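# Residue-level structural notes
This is what each chain is made of:
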Amino acid sequence: MNLTQLFRRKSVDYILKQVKQGETDVDHVSLSKHLGVRDLTAFGIAAIIGAGIFSTIGNASFQGGPGVIFLFIFTAVACGFAAFAYAEFASLVPVSGSAYTYSYVAFGELVAWFIGWALIMEYGVGNVVVAVSWSDYFTGLLDKIHIPFLNINGIHIPEWASIDYFSAHAGYTDAAAQINSGVALSDLNTSLQTSYLAWMNAPVIAGFHFIADLPAVLIVMLITALVYRGIKESRNASNIMVGIKLAIVILVIIVGAFYVDANNWNPFLPNGITGVLGGVSAVFFAYIGFDAISTTAEECKNPERDLPKSIMYSLITCTILYVAIALVLTGMVKYDQLKVGDPLSFVFEKVNLTWISGVIAISAVVAMASVLLVFQLGQPRIWMSMSRDGLLPQKFATIHPKYKTPSFSTIVTMWVVIIPVLVIPTNIVLDLTSMGTLFAFVLVCAGVLRMQIDPNAPRGKFRTPYANAKYILPPMMIIAAILIFTNGEDWANQMFDFSNLHIIAGNAPMWLFILLCLVLTYYSIVKNLSIIPVLGLIFCFYMMAQIHYTSWIGFVIWLVIGLGIYFTYGFYNSKLHKSVG
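Values in this document were obtained by computation on a predicted structure and should not be read as measured data.

## A word on the environment of Tyr322
In this fold, Tyr322 is placed in helix H13 (residues 303–332). When the C-alpha atoms of Tyr322 and Ile69 are compared, they prove to be 7.9 Å apart, with 253 residues separating the residues in sequence.

Put into structure tokens, the structure is as follows:
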């Protein structure tokens with residue numbers, strides 16, 4: 001094996017020729033082109049406004065107070081830097097595949113495989129979280145349905161039909177131990193009660209307790225059927241759902257503004273900047289999804305023009321809404337009361353506007369479904385792109401002759417989500433979603449830098465605005481170092497604590513971050529790098545460094561599994577390998 005072949009790169013001309021000649025599958029069926037800038041922007045908004053605005057914003061506000069708006073702005077800026085990089089690549093390589101295809105052009109096959117494998121995890125694991133969250137909101141909404149003349153006082157789905165198997169088993173074991181020690185079931189927390197009742201009341205078949213989150217499974221199947229049916233149908237459904245949730249979010253902002261008490265904004269930063277940054281992973285999860293727009297490039301009418309615009313439009317729109325919602329929430333209720341699962345409903349119940357809670361619950365169900373739609377739309381196109389390059393079996397590149405969608409990949413994607421929904425607790429996989437996304441952002445920003453320093457690299461219609469990083473980054477690093485060494489005694493003590501393996505492992509991501517900053521500072525001076533992709537790389541890697549090291553280990557394990565598949569199948573079946581060999 002020639003190691004140089006691991007980094008064989010695809011030219012833009014080769015990619016465009018491949019698509020133009022209809023080499024996406026054996027039947028020469030191409031994807032339908034129905035998407036314009038409005039549709040793409042709606043897909044972006046559909047992906048971004050989901051669990052973040054209806055759930056995680058409460059915990060982030062609890063930690064950061066009203067000053068959490070700075071975290072939303074910081075995260076938006078970090079994603080914005082990455083968005084510039086995505087937009088530049090999208091105008092250069094207007095085909096499906098997103099960061100996978102971009103990395104193939106910038107770095108070569110092995111890096112492209114890594115990013116494609118990471119994106120499969122991002123979309124698959126992300127949809128596990130979203131599907132379970134949708135199920136929680138949906139079952140909660142059914143419980144609140146009251147129709148007196150039909151004698152309906154809430155529709156209750158049994159506990160065993162709304163939880164995954166292993167969560168139920170673990171919760172039952174814990175609850176049973178406490179009950180045996182004399183604790184009453186009613187004194188246990190809600191989660192343990194639910195798990196205990198699910199295990200006790202579940203149908204038992206041949207000694208096996210049948211426990212499954214059926215609403216989550218059902219919504220995944222319904223969304224998959226829609227995505228399978230066609231991009232036009234998916235677009236129409238997305239536009240409708242986005243219209244509904246935007247209308248309700250704006251209604252919440254307008255109505256809530258009349259109940260804001262400015263005294264609740266004092267103190268604005270109750271826990272300082274540390275408290276604000278404490279919610280970074282929750283807030284970042286609220287922004288996951290805008291990159292999914294780029295997976296639909298081949299279904300756009302004018303991808304070179306529309307993709308960059310829609311990426312920026314969706315990011316800006318959602319940031320404005322997030323900041324406004326955060327100000328309304330922390331203005332209506334004191335920040336220290338917002339550590340709840342449904343903060344929007346909570347604050348309106350506090351001001352006796354219970355009617356709007358039902359509206360919010362309906363909006364949350366719609367919002368979750370729209371996120372699921374975009375993620376289920378994006379993942380099959382990653383499978384398809386990797387398959388057409390020979391890195392996965394050709395079957396994954398199959399395009400349905402009637403519906404013009406990647407049919408086989410879409411069905412596989414459904415099972416990739418459903419199986420974990422049935423057996424894996426969502427708290428295990430939440431951070432992995434952020435890891436996969438940030439990894440993609442980092443490599444896309446690095447890809448723009450790689451293309452920038454190559455004088456022979458092709459350039460697209462959209463280019464990231466240039467400002468020389470050597471005049472900005474070194475002063476930033478010097479100021480950061482001064483602040484750390486003059487005011488960061490606790491941070492320094494933590495970083496230089498090598499007393500045990502757990503502390504060393506926990507500090508490892510931040511040491512990698514520091515090394516990255518030093519390397520980028522050096523190359524900014526030597527190579528005159530552009531500041532926007534440099535800052536995008538730094539900001540996104542910083543957020544990766546804030547994720548617990550156990551998630552880093554899980555992410556590395558996932559990449560190693562992918563590496564095994566690449567070296568046993570992908571490397572030898574790659575079309576570039578065959579063309580050379």
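Let us keep going from here.
## Focus on the side chain of Asp213
Mapping Asp213 onto the fold places it in the loop between strand S4 (208–209) and helix H9 (214–229). Every residue in contact with Asp213, bar those within four places of it in the chain, is listed here: Val132, Ser135, Ala161, Ser162, Ile163, Val421 and Leu422.

## Structural notes on helix H21 (residues 531–545)
Between its first and last C-alpha, H21 extends 21 Å over 15 residues, near the 21 Å set by a 1.5 Å rise per residue. Of all 15 residues that make up H21, 15 are buried, and the element is covered over most of its length.

## Focus: the nonpolar core
Ranked by size, the top nonpolar core spans 170 residues in total, and within it Ile325 and Phe348 carry the most contacts. Here this core gets 19 residues from one element, more than from any other, and that element is helix H6 (residues 109–143). With residues near it in sequence (within four places) discarded, Phe348 still touches Val252, Val255, Gly256, Met332, Leu353, Thr354, Ile356 and Ile360. One finds Ile163, Ala198, Trp199 and Ile211 within the second-largest nonpolar core, a separate group that totals 9 residues.

## With respect to the packing of helix H2 (residues 37–48) against helix H15 (residues 354–388)
Between H2 and H15, whose axes approach to 7 Å, the crossing angle comes to 115°. You can see that H2 and H15 cross each other, and the crossing is left-handed. Residues Phe43, Ala46 and Ala47 of H2 lie in contact with H15, whose contacting residues are Ala367, Ser370, Val371, Val374, Phe375 and Leu377. For the contact of H2 with H15, the class distribution of residues is 8 nonpolar, 1 polar and no charged.

## Here's the deal with the confidence of the model for the chain
When pLDDT is averaged along the chain, the result is 81; 89% of the residues meet or exceed 70. Averaged pLDDT values over the elements of the chain bottom out at 64 in helix H19 (residues 489–495) and peak at 90 in H9. For residues 23–28, every residue scores under 50 in pLDDT, and the model assigns this stretch 14 contacts once sequence neighbours within four places are set aside.

The rules we used
Residues numbered from 1 in each chain as written. Predicted model: local features only at pLDDT ≥ 70, side-chain atom pairs only at ≥ 80, totals over all residues. Heavy atoms only, no water. Helix = DSSP H or I, 4+ residues; strand = E, 2+ residues; numbered from the N terminus. Contact = heavy atoms within 4.5 Å. Expected span 1.5 Å × (residues − 1). Buried < 20%, exposed > 50% of the residue type's maximum accessible area, 1.4 Å probe, protein only. Core = buried A, V, L, I, M, F, W, Y, C linked by side-chain atoms within 4.5 Å. Axes fitted to C-alpha atoms, helices over the stretch in contact; angles between N-to-C directions. Left-handed = near helix turned anticlockwise from the far one by under 90°. Nonpolar A, V, L, I, M, F, W, Y, C, P; charged D, E, K, R; others polar. pLDDT = per-residue confidence, 0-100.

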